[in-house]
Amino acid sequence: MIRGKYALTLALPKGRNLEDGYAALQRAGLELPPIEGERTMIHGQEGKIAILELRNADVPLYVDLGIADAGVVGKDVLLESGRDVYEPVDLRTGVCRLSLIRHPDSTGPIRRIATKYPNFTGRVLRERGWVADVLELAGNVELAALTGLADAVVDVVQTGASIRAAGLKEIEVLAHSSARLIVNRQALKLKSDLLRPLIERLRQQSQALAEG
């Protein structure tokens with residue numbers, strides 16, 4: 001158990017948001033432990049700030065259940081997780097979008113949609129009154145559209161270059177995503193002396209990025 005061992009426990013995702021999230025927190029004045037060793041999962045000394053290095057999808061769970069006081073994760077992951085966390089800051093990094101993608105030759109009705117985001121996709125279908133089967137895939141989602149496994153796919157798009165290279169077409173942007181600071185609601189009350197100044201400094205950073 002790590003609760004109570006550290007002054008503040010932060011959950012950071014492996015992958016594209018780790019470096020950006022770490023840098024943003026450092027610029028906000030936190031004295032962060034170095035990320036050392038591929039096999040190390042908890043970074044930090046007792047009584048100081050600790051970092052949990054997690055898979056993207058696990059960050060909202062750790063923050064929601066209070067194992068981590070706060071974390072950084074993409075909005076796309078939050079939309080899929082449905083976890084009840086406070087989301088006070090858009091860090092404006094890791095910008096991408098969740099889009100509906102099809103093969104240009106696919107013009108008929110959409111009956112099957114393949115995605116790594118089944119919960120998000122299911123909500124979109126219900127909100128729009130669409131009827132389609134949602135196929136959850138763990139691997140290359142684009143392949144489902146190329147092989148005919150699905151009539152369309154919902155996936156993350158950054159520049160759109162990979163979609164065009166695969167001969168696919170982005171039909172519609174369903175949601176925009178970027179890295180967000182998320183905070184456990186109870187921790188916000190119990191550790192407000194640490195978390196509220198952090199939130200304010202990160203908001204100032206975000207505003208500066210927005211203004212160019």
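Residues numbered from 1 in each chain as written. Predicted model: local features only at pLDDT ≥ 70, side-chain atom pairs only at ≥ 80, totals over all residues. Heavy atoms only, no water.

> Would you mind going over the packing of helix H1 (residues 16–27) against helix H8 (residues 192–210) with me for this structure?
Any two packed helices are characterised by how steeply their axes cross, that is the angle between the axes, and by the distance between the axes. Between H1 and H8, the least distance of the axes is 9 Å, while the angle of their chain directions is 110 degrees. In this view, H1 runs roughly perpendicular relative to H8, as classed from their interaxial angle. Here H1 runs over H8; the crossing is right-handed. Side by side, H1 and H8 meet where Ala24, Leu25 and Arg27 of the first sit next to Leu198, Leu202 and Gln205 of the second. Partitioning the contact of H1 with H8 into residue classes produces four nonpolar, one polar and one charged. (Axes fitted to C-alpha atoms, helices over the stretch in contact; angles between N-to-C directions. Helix = DSSP H or I, 4+ residues; strand = E, 2+ residues; numbered from the N terminus. Parallel < 35°, antiparallel > 145°, perpendicular 65-115°, else oblique. Left-handed = near helix turned anticlockwise from the far one by under 90°. Contact = heavy atoms within 4.5 Å. Nonpolar A, V, L, I, M, F, W, Y, C, P; charged D, E, K, R; others polar.)

> Could you clarify how one ought to interpret the nonpolar core in this entry?
Counting residues in hydrophobic clusters, the biggest one holds 25 residues, and the most contacted among them are Leu10, Leu25, Leu32, Leu195 and Leu202. The set of elements that each furnish at least two residues to this core consists of strand S1 (8–13), H1, strand S3 (49–54), strand S4 (70–74), strand S11 (179–183), helix H7 (185–190) and H8. When neighbours within four sequence positions are excluded, Leu25 is seen to be in contact with Leu10, Leu12, Leu30, Leu32, Val72, Leu198 and Leu202. Among the nonpolar cores identified, the runner-up in size contains 14 residues, and Ala11, Val59, Val85 and Ile182 belong to it. (Core = buried A, V, L, I, M, F, W, Y, C linked by side-chain atoms within 4.5 Å. Buried < 20%, exposed > 50% of the residue type's maximum accessible area, 1.4 Å probe, protein only.)

> Help me understand the side chain of His43 in this model?
In this fold, His43 is placed in strand S2 (residues 42–43). A polar contact is formed between the side chain of His43 and the side chain of Glu53, at a distance of 3.0 Å. (Polar contact = N/O pair within 3.5 Å; in protein donor to acceptor, adjacent residues only side chain to side chain.)

> Hey, could you run me through a nonpolar patch on the surface in this one?
Together, Leu61, Tyr62 and Leu65 give the surface a local cluster of nonpolar side chains, amounting to about 240 Å² of exposed area. Topologically, Leu61 is positioned in helix H2 (residues 59–64). Given the relative accessible area of 30%, Leu61 is considered partly exposed. (Patch = residues over 30% accessible without salt bridge, like charges linked within 9 Å, V, L, I, M, F, W, Y side chains within 5 Å. Areas by Shrake-Rupley, 256 points an atom, 1.4 Å probe, with all protein chains shown as cover. Salt bridge = Lys/Arg side-chain N within 4 Å of Asp/Glu carboxyl O.)

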